[in-house]
Structures are given as structure tokens and as C-alpha cells.
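Next come the chains, spelled out residue by residue.
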Amino acid sequence: MSSTAFISSSNYTNHKSLAELVDRYDGFILDQFGVMHNGANALDGAVDCVRQLCHAHGKRLVILSNSSSLAHDALHKLSTLGFDANDFLGAVTSGQEASEFIRASRFNNINQSAPTKALFFTWESSASLEFLQACGDNLEATDNVSEADFILLHGSQVLRGPQGEHGQAQITPLDFFDAGNTTKLEPILQQCMERNLEMVCCNPDYVYVSPDGSIKHMPGTIADLYQNKYNGTVHTFGKPHVPHFDACVRLLNLGCDRIAHVGDSLHHDVKGANAAGMASILLPVACIVKSWTCRRMITFCPVAASWMHCSPSMDKLRRMWCQCFSSDRSSSASMTKGLTSTGSLHVLCRPSRNRA
């Protein structure tokens, strides 16, 4: 890929603190994991930063997350980590967008007498039931491929069946989330392909690093497997897809030139913001530790390296960017569109307690 697809050097800047950028923009779209928290605790300085952005500087803030949770659940979790949910105009999650798509689509056919059945890959949490209800009033979970109307890829821990007589559902562990083992998954996906079942993916992430440092395997990897190995049809929601950034723009009620997206991933955050026509503030943690998973670069965010420890050169970012997509199955035209932007790429260079 030509380096001209990347943001030009005139739009690339390094900064020691968000304070150097705060007056350039009226609204900020904030990623959650790796920017605000690590899944269990708020990152160092993040709570104070959000408070200052909102109250000291009067900035409009919106959450944009690839979480498969519903928007109100994402905001509630922030409250448990020390953030004030009232500081945000709202949240856009891939789970919320996917649930609204399903509710409005043929997958939720309220006019038929029998319910639509979703082969339900999900999390162990009971919140999965609330998510299923949000997807439609005439939708039921099934763990039987032969009776499924589509695949609902909400999580990557279990395959959940229908509710039994006593309210208990059949739960089948997938052995994938912790170990990345596809032994149980692949025969199921093969059967789904034979029935031409379409998949709705509610979280496009491939992996994430848990607070204890272990790597967990996410729904995006399953979606990639179904699409690229089994030629299945997948409807994916979340970053870097432009509609999710557009949803944030509507909440902020600002022009894209007055908005900056803050994230820690080249693939999800910078690419998506570029395609949406807005600036990016990249928090590349620990020199952007790389791992190759499903032919894509994943940016990890260790707990100890909260908002940035080093400043990579633009040439290094460009090389990583091109490597990231050199084996991508997407068309070159699509990739170029996603990478080309008139916006700016700002990189925060080192942690600061008073970032705003």
C-alpha cells in the first residue's frame, strides 16, 4: 500500500498532554477500553481528565465502544469505575447498534406466528438475556443450528439455548474465550454455512488484554473465521465502520471539523475516524506492542501504561499501518478510502496527571 494513503506529515503532531489539544475541538469521542479503563479499573488520570474536559472546559463528550453491551449498560459500568455518566451526552456501542438493526430487520419478523430463532453465541453473564430482549419481541435463543434463522454473535464464551420450564437455559461452553480453541466452534460454523445462515456480529474486536495480562479471544475472530474460511455472510457493527462515528456526531451535534476521536487502535480508531472525516488522538501504549491475529495488528493496552509512554515517529506508524493491512482481505480501494483523510492525527507522548 502506498504511503500516500496515510495521513500526511503536515497533519501529524506529537503532544505531551491533552491540554495542548483541548482548545482545538469542541467535542470528543472517547473509546473506553485502553483509554478510560482496563475492564476492571479506571486508568490513571482518566477520571480527572473527563471531569476537566466536561466541567472546566465545557466540552461535549460521547462514548464510542466496540462493546456488545447496550448503551445504558456501558454508561452504568463507567459509573462503577468512578466516572460520572452525566458527563457524557450518551454512548454508542456496537451492541446497541446491532440490537437496533436486528429489531428493525427481517431477523425480527413480528408478523409471523412463530418466533424468529437466533443461534445465540454470548457471554456467561445474565445480561445476555436483556440483550436478546432488546433485539426484538418475537426473538428466541436456540442452540440448535437446524432450527436457527440466523446467528447472533453477541459474545464468545458460551452457546445459549432456550429458557427451560424452570427458567434455566442450556449453556454450552465454547472453550474459546480463554484459549482461542476453535475445536467446538468450527463444526457449528460448518453447519451454519451449509444452511447459509447469516451472522450478526455485535463486537468486532479480535482480542483484548485482561487486567491480569492474559489475552482473551473476542467475537470478531469468530466472525472473521465464518466470513473468510466458511464464506458466510456477516453483518458487523462497531469501529471502524463509519455509521458508528456518524451516530456519535449526531449526539454531539457538531461538525466533524470540531470533533476529535480519542482511541488506542490504528485499525479501529484511527481508520474509522479518518473515514468519518474527523481528527484522531492516538494513545499508542508501550511503543504499540504488536500481535498478529487473523492477519490484523492488534494494539494492546497494559494496565501499567495508561495514556502513553513513548512517541513513535510518523514513519514507524506508517510502516505498522501498511503491515497491518498488507494481508487484509478488504479491497485496496476500500482500504484507501478508510485511510485517506484531511483530518489530523495527534499522538500523546507521555502520561500526565493534569491532561486537560
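Here we take up the pattern of salt bridges. A full pass over the atoms with the stated rule returns nine salt bridges. The partner of Lys-239 in a salt bridge is Asp-31, and the shortest N-O contact between them spans 3.0 Å. With Lys-239 in the loop between β13 (234-236) and α7 (242-252) and Asp-31 in the loop between β2 (27-30) and α1 (46-56), the pair connects residues that are 208 residues apart, well separated along the chain. Both residues of the pair, Lys-239 and Asp-31, belong to the buried class. Asp-137 is paired through a salt bridge with Arg-103; the nearest N and O atoms lie 3.6 Å apart. Placement of Asp-137 in the loop between α4 (127-135) and β6 (139-142) and of Arg-103 in helix α3 (residues 94-104) is noted, with a sequence separation of 34 residues between them.

Structurally, the position occupied by Asn-38 is in the loop between β2 and α1. What makes Asn-38 buried here is its relative accessible area of 4%. Within the local environment of Asn-38, its side chain forms a polar contact with the backbone nitrogen of Ala-40, the two atoms lying 2.8 Å apart. A distance of 2.8 Å separates a polar side-chain atom of Asn-38 from the backbone nitrogen of Asn-41.

In globular proteins that are soluble, nonpolar side chains generally tend to be buried together. Counting 28 residues, the largest nonpolar core has Phe-28, Leu-30, Met-36, Ile-63, Phe-88 and Ile-281 as the members making the most contacts within it. By residue number, the principal contributor to this core is α1, which donates five residues. Among all residues touching Leu-30, those that are not within four sequence positions of it are Met-36, Val-50, Val-62, Ile-63, Leu-64, Phe-88 and Val-262. Membership of the second largest hydrophobic core comes to 22 residues, among which are Leu-119, Ala-148, Ile-188 and Ile-222.

Residues of α7 that are buried include every one of His-244, Phe-245, Ala-247, Cys-248, Val-249 and Leu-252, and no others. Residues of α7 that are buried in the fold lie against β2, β3 (60-65), β4 (91-93), α3, β14 (259-263) and α8 (266-276).

When two helices pack together, you describe them by how their axes are tilted relative to each other and by the distance separating the axes. Packing of α3 against α4 leaves a shortest axis separation of 7 Å and a crossing angle of 40°. It follows from the interaxial angle that α3 and α4 lie oblique. The residues of α4 that touch α3, namely those facing Gly-95, Ser-99, Ile-102 and Arg-103, are Phe-131, Gln-133, Ala-134 and Cys-135. Residue classes in the contact of α3 with α4 are distributed as four nonpolar, three polar and one charged.

Take the pairing of β2 next. In β2, alternate side chains face the same way, and those of Gly-27 and Ile-29 on one face and Phe-28 and Leu-30 on the other are all buried. Each parallel crossover has a hand, and the one from β2 via α1 to β3 is right-handed. Across four bridges, the pairing between β2 and β14 is parallel. Directly across from Phe-28, in β14, lies its bridge partner Ala-260.

Let us look at the environment of Tyr-230. Considering the arrangement of structural elements, one finds Tyr-230 in the loop between α6 (219-228) and β13. When the C-alpha positions of Tyr-230 and Asn-196 are compared, they lie 9.9 Å apart, and in sequence the two are 34 residues distant. If near-sequence neighbours (up to four positions away) are discounted, Tyr-230 is found in contact with Glu-186, Leu-189, Gln-190, Met-193 and Leu-225. Engagement of the side chain of Tyr-230 in a polar contact is seen with the side chain of Glu-186, the distance being 2.4 Å.

This part is about the packing of helix α5 (residues 185-194) against α6. Look at α5 against α6: their axes get within 10 Å of each other, and the N-to-C directions meet at 45°. One element, α5, and the other, α6, form an angle in the oblique class. α5 and α6 meet at a crossing whose hand is right-handed. Contact with α5, carried on its side by Leu-185, Glu-186, Leu-189, Cys-192 and Met-193, involves Ile-222, Leu-225 and Tyr-226 of α6 and no other residues of that element. Here the contact of α5 with α6 is built from residues that sort into seven nonpolar, no polar and one charged.

Take the confidence of the model for the protein next. Of all residues in the protein, 74% attain a pLDDT of 70 or more, and the chain-wide mean is 79. Low pLDDT, under 50, characterises residues 286-312; the predicted model gives this stretch 90 contacts beyond four residues in sequence or across chains. Confidence drops under a pLDDT of 50 for residues 349-356, and excluding neighbours within four residues, the segment shows 34 contacts in the predicted structure.

If you trace the backbone, Leu-89 turns up in the loop between α2 (71-80) and β4. Note on Leu-89: relative accessible area 47%, which makes it partly exposed. Between the alpha carbons of Leu-89 and Cys-248 there is a distance of 9.3 Å; along the sequence they are 159 residues apart. Excluding residues that lie within four positions of it along the chain, Leu-89 makes contacts with Arg-60, Leu-61, Val-62, Leu-251 and Leu-252.

Attention now moves to unusual backbone geometry. That bond from Lys-239 to Pro-240 is cis: its omega, 15°, falls within 30 degrees of zero. For Pro-240, the location among the structural elements is in the loop between β13 and α7. Of note in the backbone geometry, Asp-175 takes a positive phi value of approximately 55° without being a glycine. In the Ramachandran plot, Asn-231 falls in the positive-phi region, its phi being about 55° despite a non-glycine side chain. Relative to the helices and strands, Asn-231 resides in the loop between α6 and β13. We classify Asn-231 as exposed; its relative accessible area is 66%.

So, how was this worked out
Residues numbered from 1 in each chain as written. Predicted model: local features only at pLDDT ≥ 70, side-chain atom pairs only at ≥ 80, totals over all residues. Heavy atoms only, no water. Salt bridge = Lys/Arg side-chain N within 4 Å of Asp/Glu carboxyl O. Helix = DSSP H or I, 4+ residues; strand = E, 2+ residues; numbered from the N terminus. Buried < 20%, exposed > 50% of the residue type's maximum accessible area, 1.4 Å probe, protein only. Polar contact = N/O pair within 3.5 Å; in protein donor to acceptor, adjacent residues only side chain to side chain. Core = buried A, V, L, I, M, F, W, Y, C linked by side-chain atoms within 4.5 Å. Contact = heavy atoms within 4.5 Å. Axes fitted to C-alpha atoms, helices over the stretch in contact; angles between N-to-C directions. Parallel < 35°, antiparallel > 145°, perpendicular 65-115°, else oblique. Nonpolar A, V, L, I, M, F, W, Y, C, P; charged D, E, K, R; others polar. Right-handed = clockwise from strand over helix to strand, strands pointing away. Pairing = 2+ DSSP bridges. Left-handed = near helix turned anticlockwise from the far one by under 90°. pLDDT = per-residue confidence, 0-100.

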